[in-house]
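Read off the chains here:
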Amino acid sequence: MSALPQNSVPAYADPYRIEAGEGPQTLAELRAALAVVDPAELVAFNARLDAARFGREHEAVILEARHLVALRTRPEVRDAIRASLAGEADLMTFEDLVAHLDKGATA
């Protein structure tokens, strides 16, 4: 298990990225999180992981599942999606997105 208490809400450094230490840290934690998010997602994850080859394919399946957990559980992401769907959010331009991502690469 990760060092975070189960009921704590972590403060994320960047709501647009999943850092290595954020979210589930083991396959058992990832599976438990997916089971809470959607049991069907857990079944699909297990099937994709079993079918993946060791190395990059495994990494890609795990990363996709970690992203799914973050998208479904982070309040700031959920709120941003709701605001966007309701037409209440300003959309980021592509140039702003690239600039934001470039900031993270130099930090």
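Refer to the structure presented above.
So, here's what we can say about the structure. Nothing here was measured: the structure is a model prediction, and the numbers come from that model.

A short note on the overall build of the chain
At step 1: A count of helical and extended segments in the chain gives 5 helices and 0 strands.
At step 2: Overall, the chain shows an N-to-C arrangement of helices and strands of α-α-α-α-α.
At step 3: Relative to its 107 residues, the chain shows a buried fraction of 21%.
At step 4: Carbon and sulfur atoms form 59% of the exposed surface of the chain, whose accessible area is close to 7,900 Å².

Thoughts on a nonpolar patch on the surface
At step 1: A cluster of nonpolar side chains, contributed by Met92, Phe94, Leu97, Val98 and Leu101, occupies part of the molecular surface with about 420 Å² of accessible area.
At step 2: Val98 gets classed as partly exposed once you look at its relative accessible area, which sits at 30%.

A look at the environment of Ala80
At step 1: Relative to the helices and strands, Ala80 is located in helix 4 (residues 75–85).
At step 2: Along the primary structure Ala80 and Asp90 are separated by 10 residues, whereas in three dimensions their C-alpha atoms are 9.8 Å apart.

Thoughts on the packing of helix 3 (residues 56–73) against helix 4
At step 1: Axis separation between helix 3 and helix 4 bottoms out at 5 Å; the angle between their running directions is 70 degrees. By the criterion of interaxial angle, the relationship of helix 3 to helix 4 is roughly perpendicular. Two secondary-structure elements touch here, helix 3 through Ala70, Leu71, Arg72 and Thr73 and helix 4 through Pro75, Val77 and Arg78.
At step 2: Looking at the contact of helix 3 with helix 4 residue by residue, the class counts come to 4 nonpolar, 1 polar and 2 charged.

Considerations on the packing of helix 2 (residues 39–51) against helix 3
At step 1: Look at helix 2 against helix 3: their axes get within 8 Å of each other, and the N-to-C directions meet at 165 degrees. In terms of axis orientation, helix 2 runs roughly antiparallel to helix 3. Taken as a pair, helix 2 and helix 3 cross one another with a handedness that is right-handed. Packed against helix 2, whose contacting residues are Glu41, Phe45, Arg48, Leu49 and Ala51, the element helix 3 presents Glu57, His58, Val61, Ile62, Glu64, Ala65, Leu68 and Arg72 at the interface.
At step 2: Residue composition of the contact of helix 2 with helix 3, by class: 7 nonpolar, 1 polar and 5 charged.

Observations concerning the nonpolar core
At step 1: In this structure, Leu30, Ala33, Leu34, Leu42, Phe45, Leu49, Ala52, Val61, Ala65, Leu68 and Val69 together form the largest nonpolar core, which totals 11 residues.
At step 2: Looking at this core, the elements with two or more residues in it are helix 1 (27–37), helix 2 and helix 3.
At step 3: Top contributing element to this core by residue count: helix 3, with 4 residues.
At step 4: Residues contacting Leu34, with those up to four places away along its chain left out, are Pro39, Glu41, Leu42, Phe45, Ala65, Leu68 and Val69.

What counts as what
Residues numbered from 1 in each chain as written. Predicted model: local features only at pLDDT ≥ 70, side-chain atom pairs only at ≥ 80, totals over all residues. Heavy atoms only, no water. Helix = DSSP H or I, 4+ residues; strand = E, 2+ residues; numbered from the N terminus. Buried < 20%, exposed > 50% of the residue type's maximum accessible area, 1.4 Å probe, protein only. Areas by Shrake-Rupley, 256 points an atom, 1.4 Å probe, with all protein chains shown as cover. Patch = residues over 30% accessible without salt bridge, like charges linked within 9 Å, V, L, I, M, F, W, Y side chains within 5 Å. Salt bridge = Lys/Arg side-chain N within 4 Å of Asp/Glu carboxyl O. Axes fitted to C-alpha atoms, helices over the stretch in contact; angles between N-to-C directions. Parallel < 35°, antiparallel > 145°, perpendicular 65-115°, else oblique. Contact = heavy atoms within 4.5 Å. Nonpolar A, V, L, I, M, F, W, Y, C, P; charged D, E, K, R; others polar. Left-handed = near helix turned anticlockwise from the far one by under 90°. Core = buried A, V, L, I, M, F, W, Y, C linked by side-chain atoms within 4.5 Å.

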